[in-house]
Amino acid sequence: MELGGLYKKIVKNNLPFYMAIEVTTSCNQNCLHCYNIRDRKDEISFSQIRRAFKEASDLGALFLSVTGGEPLIREDIWDILDCAVKLNYATLLYTNGILIGPAEARRLKKIGIYWVDITILGASSETHDRITCLPGSFDLSMRAIKLLRENDIGVAVKTPALRENFSELAELKKKISSMGLMHIISPVVYPKDDGDEAPLRHRLTDEQMRDYYRFYEPASRINPFGEFSCDLGRVMLAISAKGDVHPCLCVPYSVGNISKDSLCSLWENSLGFKYIRESSQVPYESFSKCDDKWWCFRCEGLAWGEKRSMFVADSESCRMAKIRKEVDLEGKKKEKD
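What counts and what doesn't
Residues numbered from 1 in each chain as written. Predicted model: local features only at pLDDT ≥ 70, side-chain atom pairs only at ≥ 80, totals over all residues. Heavy atoms only, no water. Helix = DSSP H or I, 4+ residues; strand = E, 2+ residues; numbered from the N terminus. Rg over C-alpha atoms; globule rule 2.2 N^0.38 Å. Buried < 20%, exposed > 50% of the residue type's maximum accessible area, 1.4 Å probe, protein only. Contact = heavy atoms within 4.5 Å. Areas by Shrake-Rupley, 256 points an atom, 1.4 Å probe, with all protein chains shown as cover. Lys, Arg positive; Asp, Glu negative; His and termini not counted. Charge placed at Lys NZ, Arg CZ, Asp CG, Glu CD. Pairing = 2+ DSSP bridges. Patch = residues over 30% accessible without salt bridge, like charges linked within 9 Å, V, L, I, M, F, W, Y side chains within 5 Å. Salt bridge = Lys/Arg side-chain N within 4 Å of Asp/Glu carboxyl O. Right-handed = clockwise from strand over helix to strand, strands pointing away. Axes fitted to C-alpha atoms, helices over the stretch in contact; angles between N-to-C directions. Parallel < 35°, antiparallel > 145°, perpendicular 65-115°, else oblique. Left-handed = near helix turned anticlockwise from the far one by under 90°. Nonpolar A, V, L, I, M, F, W, Y, C, P; charged D, E, K, R; others polar. Phe/Tyr/Trp six-rings, centres within 6.5 Å; stacked < 30°, edge-to-face > 60°. Lys NZ or Arg CZ within 6 Å of the ring centre and 35° of its normal.

## What about the overall build of the protein chain?
From N to C terminus, the protein chain includes 13 helices and nine strands. Computed over C-alpha atoms, the radius of gyration of the protein chain comes to 20 Å, within 12% of the 20 Å expected from 2.2 N^0.38 for 337 residues, which places it in the range of a compact globule. Considered along the principal axes of its C-alpha atoms, the protein chain spans approximately 60 × 50 × 45 Å. Of all 337 residues assigned to the protein chain, the portion counted as buried reaches 53%. Look at the contacts in the protein chain between residues 6 or more apart in sequence, and 73% of them connect residues 24 or more apart. Accessible surface, the protein chain as shown: approximately 15,800 Å² in total, 53% of it carbon and sulfur. Separation of charge centres in the protein chain, based on 48 positive and 48 negative side chains, amounts to 3 Å.

Okay, structure coming up:
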């Protein structure tokens with residue numbers, strides 16, 4: 001069966017083949033653009049994590065992302081990762097890598113971690129460390145990449161495109177490419193979970209966004225049928241460091257909490273997931289009538305962060321769609337000329 005057909009079957013049957021879990025909100029960095037609330041220290045217990053892993057596995061989950069905060073801050077992170085791998089999850093660790101030394105890299109290899117994503121925020125230590133607010137963090141994160149590769153562990157580099165690092169993206173992209181690594185760049189920046197808009201000051205300017213679509217993510221009709229369906233709550237679910245069950249970590253809309261609810265019961269019977277599944281399949285009126293809908297990727301996380309509602313238009317998705325359209329038509333005109 002082709003992958004497309006398989007994926008459609010997964011969506012149709014609401015099979016949660018991917019789960020993300022935020023094991024802590026604590027972090028050893030203080031990134032300018034982070035959506036976590038710095039002074040809030042939430043941490044889900046290991047017993048709750050183990051039960052969630054088992055219940056999600058029973059539901060059919062195959063891929064698991066372990067994130068934070070910084071997951072490696074937890075003393076029991078090795079037990080958490082070992083539990084995940086023993087339940088046959090393809091386990092991805094999302095980390096800044098600061099705490100990965102030679103022993104930790106070997107341990108990740110021994111456990112059988114599937115993949116590690118590390119965030120690099122600039123081509124230079126000056127830019128990276130200025131964004132993380134932690135001197136020396138660039139060198140430690142780059143060391144982690146080297147150690148993971150030496151232990152034959154799959155690594156990808158993630159870079160949020162920000163005002164502060166945009167001038168270095170080309171150099172960073174070249175550096176990561178020369179290492180033979182996957183490089184994932186995204187211009188999406190969310191407000192903090194409590195609605196604080198401070199991170200939004202670091203979003204790309206309009207002109208930077210135009211150049212982003214010119215050079216880093218070719219602008220095109222990403223929505224060729226004028227329809228949209230993010231499959232949050234249908235093929236993916238997330239658990240926060242407070243134990244709240246969300247459709248996505250970027251959408252902190254709680255449908256229950258694993259301290260008192262069965263994950264299986266929530267997935268199959270909760271009114272929250274029922275609402276999401278029904279609403280996500282019906283384009284809202286303003287989207288249906290919008291001239292820019294063909295270039296819109298419409299993120300429920302951005303909508304939630306701005307309006308505390310998922311299925312409404314948000315200003316950042318609209319801005320990005322307009323710029324994507326502009327750059328796409330600009331490129332087509334040049335080709336024609």
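Now that the structure has been shown, we can carry on.
## Focus on the pairing of strand β7 (residues 236-239)
Sheet topology note: the strand β1 (residues 18-22)/β7 ladder contains four bridges and is parallel. Directly across from A20, in β7, lies its bridge partner A238. With two bridges connecting them, β7 and strand β8 (residues 244-246) associate as antiparallel partners. Across the sheet, A238 pairs through a bridge with H246, a residue of β8. Between β7 and β8, which pair antiparallel in sequence order, lie four residues; one of them, G243, sits at a positive phi of approximately 90°.

## Here's the deal with a negative patch on the surface
Judged by side-chain charge, D194, D196, E197 and E306 come together as a negatively charged surface patch. By the secondary structure assignment, E306 is in helix α12 (residues 300-307). On the basis of relative accessible area, E306 is assigned to the partly exposed category, the value being 36%.

## Here we look at the pairing of strand β2 (residues 63-67)
Counted residue by residue, β2 has four buried out of five residues, so it is predominantly covered. When β1 meets β2, the two strands line up parallel, connected through five bridges. Residue A20 lies in a different strand from β2, and its bridge partner there is S65. Handedness of the crossover is the feature at issue here: the chain leaves β1, passes through helix α2 (residues 46-59), returns alongside β2, and the resulting connection is right-handed.

## A look at the sheet that holds strand β9 (residues 256-257)
Taken together, nine strands build an open sheet; the order of strands is β6-β5-β4-β3-β2-β1-β7-β8-β9 and the sheet is mixed. The open sheet has two edge strands with one neighbour each: β6 (182-186) and β9. α2 contacts β1, β2 and β7 of the sheet and is inclined by roughly 175° relative to β1. Along the sheet, helix α7 (residues 169-178) contacts β5 (155-160) and β6; its crossing angle with β6, the most-contacted strand, is approximately 155°.

## Considering unusual backbone geometry
Trans is the prevailing form of peptide bonds, just as negative phi is the prevailing case for residues other than glycine. For the peptide bond that leads from G68 to G69, omega is 25°, which places it in the cis range. Here G69 shows up in the loop between β2 and α3 (77-86). Positive phi is not limited to glycine here, since C133 has a value of about 60°. Within the secondary structure layout, C133 lies in the loop between α5 (125-132) and α6 (137-150). Exposure remark for C133: the relative accessible area of 41% places this residue in the partly exposed category. In the Ramachandran plot, R308 falls in the positive-phi region, its phi being about 55° despite a non-glycine side chain. Within the element layout of this structure, R308 appears in the loop between α12 and α13 (315-336).

## What about the packing of helix α8 (residues 206-215) against α13?
Running from amino to carboxyl end, α8 crosses α13 at an angle of 55°, the nearest separation of the two axes being 9 Å. Taken as axis vectors, α8 and α13 run oblique relative to one another. Pair α8 / α13 crosses with right-handed handedness. Contacts from D206, M209, R210, Y213 and R214 in α8 reach E316, R319, M320, I323, R324, E326, V327 and E330 in α13. Looking at side-chain class alone, the contact of α8 with α13 contains five nonpolar, no polar and eight charged residues.

## Some remarks on the packing of aromatic side chains
For the coordinates displayed, the defined rule picks out 11 aromatic pairs. Here the guanidinium or amino end of K293 rests over the ring plane of W294, the centre of that ring lying 5.0 Å away.

## Description of the environment of A84
Inspection of the secondary structure assignment puts A84 in helix α3. Along the sequence, A84 and R50 sit 34 residues apart, while their C-alpha atoms lie 8.1 Å from each other. Beyond its immediate sequence surroundings of up to four residues, A84 is in contact with F53, L64, Y89 and T91.

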